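# Summary of structural features
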Amino acid sequence: MDAQEPTTTTPTQDELLLVPVRELVLFPGVVLPLLANRPGLEAALQEAARTSRTIAVVLQRDPKVESPALSDLHTIGAEGRLLRYVTARDGMHHGIVQGVGRIRLLDTVDGTEPRTVRVERIDEPAASGADIDARFHQLRERALETLSLLEQSPPELAAAVQSIELPGQLADMVASLMDITPAEKQEILETIPLLPRLDRVLWRLAYRLEVLRLSADIGKRTRASMEGRQREFMLREQLKAIQKELGEDEEGSPELADLRRALDAAELPDDVAKQAQRELRRLERMPEGGPESGMVRTYLEWLSELPWKLGDDPGIDIPEARRVLDQDHHDLEKIKRRIVEFLAVRKLNPDGRGPILCFVGPPGVGKTSLGQSIARAIGRPFVRVSLGGVHDESEIRGHRRTYIGALPGNIIQAIRRAGSRACVMMLDEIDKLGGGGFQGDPSSALLEVLDPEQNATFRDAYLGVPFDLSRVLFIATANQMDTIPAPLRDRMEVVSLSGYTEEEKLVIARRYLVPRQLGRNGLKPDQADIDDGALAAIVRSYTREAGVRNLEREIGAVLRHVAAQFAEGHTEAVRIGPDDLAAILGPARFEQEVAERAAIPGIATGLAWTPVGGDILFIESTRMAGAGKLILTGQLGDVMKESAQTALSLLKSRASGLGIEHGLFERSDIHVHVPAGAIPKDGPSAGVAMFMSLASLMMGRAVDPAIAMTGEISLRGIVLPVGGIREKVVAAERAGIKTVMLPARNRRDYEDIPVSTRERLAFVWLETVDDAIATAMPSASPPDRLG
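Reading guide: rules and limits
- Residues numbered from 1 in each chain as written.
- Predicted model: local features only at pLDDT ≥ 70, side-chain atom pairs only at ≥ 80, totals over all residues.
- Heavy atoms only, no water.
- Helix = DSSP H or I, 4+ residues; strand = E, 2+ residues; numbered from the N terminus.
- Polar contact = N/O pair within 3.5 Å; in protein donor to acceptor, adjacent residues only side chain to side chain.
- Expected span 1.5 Å × (residues − 1).
- Buried < 20%, exposed > 50% of the residue type's maximum accessible area, 1.4 Å probe, protein only.
- Disulfide = S-S within 2.5 Å.
- pLDDT = per-residue confidence, 0-100.
- Contact = heavy atoms within 4.5 Å.
- Arc of directions from axis to C-beta.
- Salt bridge = Lys/Arg side-chain N within 4 Å of Asp/Glu carboxyl O.

### Overview of the side chain of Arg 421
Position of Arg 421 relative to the elements: it lies in the loop between α15 (410-418) and β9 (424-428). Polar side-chain contacts of Arg 421 include one of 3.1 Å to the side chain of Asp 468.

### Remarks on helix α10 (residues 291-305)
Between the first and last C-alpha of α10 there are 21 Å, a value that for 15 residues agrees with the 21 Å anticipated at 1.5 Å per step. Taken together, the buried positions of α10 are Ser 293, Val 296, Arg 297, Tyr 299, Leu 300, Trp 302, Leu 303 and Ser 304.

### As for the environment of Gly 522
Topologically, Gly 522 is positioned in the loop between α18 (502-520) and β14 (528-530). Residue classification places Gly 522 among the exposed positions, given a relative accessible area of 59%. Along the sequence, Gly 522 and Ala 686 sit 164 residues apart, while their C-alpha atoms lie 48 Å from each other.

### Details of the state of the cysteines
Structurally, a disulfide amounts to a covalent bond that connects the sulfur atoms of two cysteines. Within this structure, the stated rule accounts for zero disulfides. Unpaired in this structure, Cys 358 has its nearest cysteine sulfur neighbour in Cys 423, at a distance of 18 Å.

### Some details on the confidence of the model for the protein chain
Within the protein chain, residue pLDDT values average 85, and 91% of them lie at 70 or more. When mean pLDDT is compared element by element in the protein chain, strand β23 (residues 739-743) scores highest at 96, while helix α22 (residues 593-596) scores lowest at 52. Considering only residues more than four positions removed or in separate chains, one finds that residues 1-7, a stretch of pLDDT under 50, has three contacts. Scored below 50 in pLDDT, residues 780-787 shows 13 contacts in the model against residues more than four places distant or in partner chains.

### Thoughts on unusual backbone geometry
We note that Glu 429 has phi near 55°; this positive angle belongs to a residue other than glycine. When you line up the elements, Glu 429 lands in the loop between β9 and α16 (442-450). A relative accessible area of 24% places Glu 429 in the partly exposed class. One non-glycine residue, Gln 635, lies in the positive phi region at around 55°. Mapped onto the elements, Gln 635 comes out in the loop between β18 (630-633) and α23 (638-653). By relative accessible area, Gln 635 is classed as partly exposed at 42%.

### As for helix α2 (residues 130-149)
Relative to the 28 Å expected for 20 residues at 1.5 Å per residue, α2 spans 29 Å between its end C-alpha atoms, a close match to the ideal helical length. Three or more residues of α2 are buried, namely Ile 132, Phe 136, Leu 139, Arg 140, Ala 143, Thr 146 and Leu 147. End-on, the buried residues of α2 take up no more than an arc of 130°, which puts them together on one face. Along α2, the residues that are exposed and aim more than 90 degrees away from the buried face are Ala 130 and Ser 148.

### Brief notes about the pattern of salt bridges
A complete count under the given rule lists 45 salt bridges for this structure. Among the salt bridges present, the one from Arg 50 reaches Glu 47, with a minimum N-O distance of 2.7 Å. Of this pair, Arg 50 and Glu 47 both sit in helix α1 (residues 39-51), three residues apart, which is roughly one turn of the helix. Residue Arg 50 is classed as exposed on the basis of its relative accessible area, which comes to 62%. According to the relative accessible area criterion, Glu 47 is buried, its value standing at 16%. Between Glu 267 and Lys 309 there is a salt bridge; the shortest N-O distance is 3.7 Å. Remark: Lys 309 occurs in the loop between α10 and α11 (318-328) and Glu 267 occurs in the loop between α8 (254-265) and α9 (270-284); sequence separation between them is 42 residues. By relative accessible area, which is 46% here, Lys 309 ends up partly exposed.

Written out as structure tokens, the structure reads:
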């Protein structure tokens, strides 16, 4: 059966085309534009234009509803006559509608398209009397006064108000023109009795008239006092006048009150409090949204949030400090003893000017964690300031407040984070401060911070007032001292941390690294374990470092492998042995270089110090037919090149005693190479190794590859002392060396060498190069001593 067509019967007089609107209320006698932005609305207007039918314009209860039912509309609306219907260039349809009278919706006429509703027309009540006339007269006067206060009001509108003779018509027109919400207009439209309708319109008009009168009065007063000033200042005076009318000029805004209370609670020193009150008075006179207001407010917030008062000092418990240091760090007895001494002096003399400690050592040996342990041991907050790459003095001393986005320096910011002046502040990587330039020298700015005689009145450029840093416990860290300027170095006491031996690494891994990585990877101690053999294999074959940072990384990789098995459903405990490492970490990354070296003439093993610990160094020499030239390769520095030239000159002077033909030097070019050519090398400590390499080459005798050596040489053959003995010896043991030859004048450094390393290595103390020849090439007879 075919669908029924819409009914086409002739509508009666009480049936109107429905036009639901969202944010518009049509009053009788008022002309308003309508935008046909919905299909149903467009069809209704087109039908009204075609048939000259009137429409029912009704406000929706919820403007979000796209296709409102009768229940979604207000009951009272307005009957409207379509005066004009046009289509704009953009395709939108517009209608001009004039209100005819009030209507009440009854029901929907079924089967009509566009939608038609049955309505009841509401006649305008014909009330009269003194009450009506008085309100009518008052409404007209207030409407005319309101129009006079509106600068852009057209004169025709005032004439139209004057010409209206009916009270209800005037009330409807004024309600339509007032700047009130659609809900408020609908309320007036639904008020049918004339007296309450006039009262509603009068009440709302009186409120807006009072606002306009007050605004005009404020404008007159401000224009009279501020004529010729900038518009911004005029608006500021208007704001002050409004605040005065509202009674807020004395109390100020709640934000200012909060800021004032915060400054009072901060217990500022007298000079700082005067500065804060001066800035607070400036802020009260500024407009709230101005850029300078934000800068002053931020400055005062910084002053209020800094810990100016010292607070309660928890005191220093020396036995507890010793226990915490022993709990957090293995070995390092000399360093821990110095820290305990430092804390003991602080306890006995809290106001004393003690030294500032600087922990120097390769990466991963525990410098930063030592600072954290000190803070935990004495119950103070710990903050870290990273100085690596800082090249602007303002990063230390702060920016001046004249710059947009200015902030205090890193020192004051760290104090704010700590929340206490009695904190432990670690100045990390102090050796990597940028050099001085057009932005200033940050190392010079640190002089005031680290000088106990000056830091009690440290002045940050942003704050502009002195701040007491004398109770801050500063601790610095560095990898090497060479790059730290001398004046800055002079203000610190250097505490050296050397690299760990293999035994120390195994203990650290078992006590600290494995439990920490078990927790980080979500494993329990009874689920996974790495036996001692596997840990030793990781130390020897998968890491080569002075610290334990890479060791912890490799342990984490092993335990992640185990964690993946448990995540896949594995339930039994896993124990990792040495044979399991290749499948998890891959083939061994490091081998003992000495085992690869054959006993070939011209090769000697030296010892070197680097910022990341000690290392072994191979010196390779060869000769070819030539004219006596010395060729040096391997990216050697000037000092190392001079050591090679000194070694060659010393060897030539002793050629006859060593059985070397003098003419051999003149007929040969000698090439000395130090492998790892991409790495720059310098320093005098390779002098002995250079001499032994050249002597081995020219004598045709190999140096024992299990022997390593270090020391500077003179042209008289004397072996001079060098630095970094502990790191070099530990590196020799790590590389599988059996004997080390050291300058005799370095015997004082013997006690710094770990006991386990001393037990595994044989030590030969060199007075001259003759001792080196006798030890490394025993088959060669040393010459008679010269000089």
